[in-house]
Amino acid sequence: ERARLRASAGQAIKAGSAGLMARIVEAQRRRIADGAKAAAILASQATCVAPGLIRLAPDFATALPAEAAVYALRALLGVTGGMAHLPDEGRSASLLERLRSLPTRATLSRSVVDMRRQGIFLRRELRGLPGPQPAVDGMLWDGRLRVRSTGIQDGLTIAPFGTENARRMVVDNAGAPQSLVRAALAAEPALWSGQDCLGLVGDAQVNIEATRVAGPWAQFLPSFDLALVRAVGRLIGCPDAPPPPLRGHNEA
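So, here is what we can say about the structure in this document. (Residues numbered from 1 in each chain as written. Predicted model: local features only at pLDDT ≥ 70, side-chain atom pairs only at ≥ 80, totals over all residues. Heavy atoms only, no water.)

### Points about the pattern of salt bridges
Okay, step 1: Inspection of every chain in the model, using the stated rule, returns 14 salt bridges.
Okay, step 2: Between Arg4 and Glu1 there is a salt bridge; the shortest N-O distance is 3.8 Å.
Okay, step 3: Judged by its relative accessible area of 46%, Arg4 is partly exposed.
Okay, step 4: Residue classification places Glu1 among the partly exposed residues on the basis of a relative accessible area of 44%.
Okay, step 5: Two residues, Arg230 and Asp240, come together in a salt bridge whose shortest N-O distance is 3.6 Å. Of this pair, Arg230 sits in helix 7 (residues 226-236) while Asp240 sits in the segment after helix 7, and the two are 10 residues apart along the sequence. (Salt bridge = Lys/Arg side-chain N within 4 Å of Asp/Glu carboxyl O. Buried < 20%, exposed > 50% of the residue type's maximum accessible area, 1.4 Å probe, protein only. Helix = DSSP H or I, 4+ residues; strand = E, 2+ residues; numbered from the N terminus.)

### Structural notes on the pairing of strand 5 (residues 119-124)
In regular strands, side chains alternate between the two faces of the sheet.
Okay, step 1: For strand 5, a buried count of six out of six residues is recorded, marking the element as mostly surrounded by other parts of the structure.
Okay, step 2: Both strand 2 (residues 53-56) and strand 5 contribute to a ladder of four bridges, which runs antiparallel. Pairing of Arg55 across the sheet is with Phe121, part of strand 5.
Okay, step 3: One ladder, built from six bridges, connects strand 4 (residues 111-116) with strand 5; its direction is antiparallel. Across the sheet, the residue bridging to Val113 is Leu122, located in strand 5.
Okay, step 4: Between the end of strand 4 and the start of strand 5, which pair antiparallel, lie two residues. (Pairing = 2+ DSSP bridges.)

### Concerning the sheet that holds strand 8 (residues 156-160)
Okay, step 1: If you trace the three strands from one edge of the open sheet to the other, you get 8-9-10, paired in antiparallel fashion. The open sheet terminates on both sides in strands that have one partner only, identified here as strand 8 and strand 10 (196-200). Here the strands of the sheet are splayed against their neighbours by 35° on average, with no regard to which way each runs.
Okay, step 2: Looking at chain direction, strand 9 (residues 189-193) and strand 10 are connected through four bridges and run antiparallel. In the sheet register, Ala190 faces strand 10, and the bridge partner there is Leu200. (Axes fitted to C-alpha atoms, helices over the stretch in contact; angles between N-to-C directions.)

The following block contains the structure:
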């Protein structure tokens, strides 16, 4: 959008247009409204039913305005996949259209979208996960979790929990099929000693923890996305986004 506005500004300046600022303000207000609508959708339609597994209501794709639903879906795909940017709007809209019929299973932006009778489920794809690496305080793991550590002993690494370990877990969750819960857990970070898994990060008895991160906004948060990011944060359990540095920031 910045590139589009820059091109529009250049054309307007050449033409001596006096309406440039009005068009910029209108685009800004429209983006703020879109973010607020998407935030409201997430608050009413989305729940986190297990670590790394998000559930959308079964009627998400059919009972909501398509434009707002696409924006909300893009936010969830980017966060679930640990991406630095939201997925393409056109591809996301095509995916939403596919979700209007059962059954549907697709991947986009490193996220798996699986529609079942209980709802639409999103989880991290098992391909392309990080390999074993030592825990470093403040590191961003897979674009999804911020690792905090006061020190980790030599020989211990962080790597995905893995399918075999997830399969052996006892899963008691009425909000999602057990197969999907286990698939989501397999992509979660775990602490390893060589070939031995010591447990999921946070469960293992060491001085290390991982906090969820809204990947597309981990480095830069435009103020017009503030409502959406806060809704995402409440959903996945990451720290609340800070307020804008200036009061009335968007209206200035």
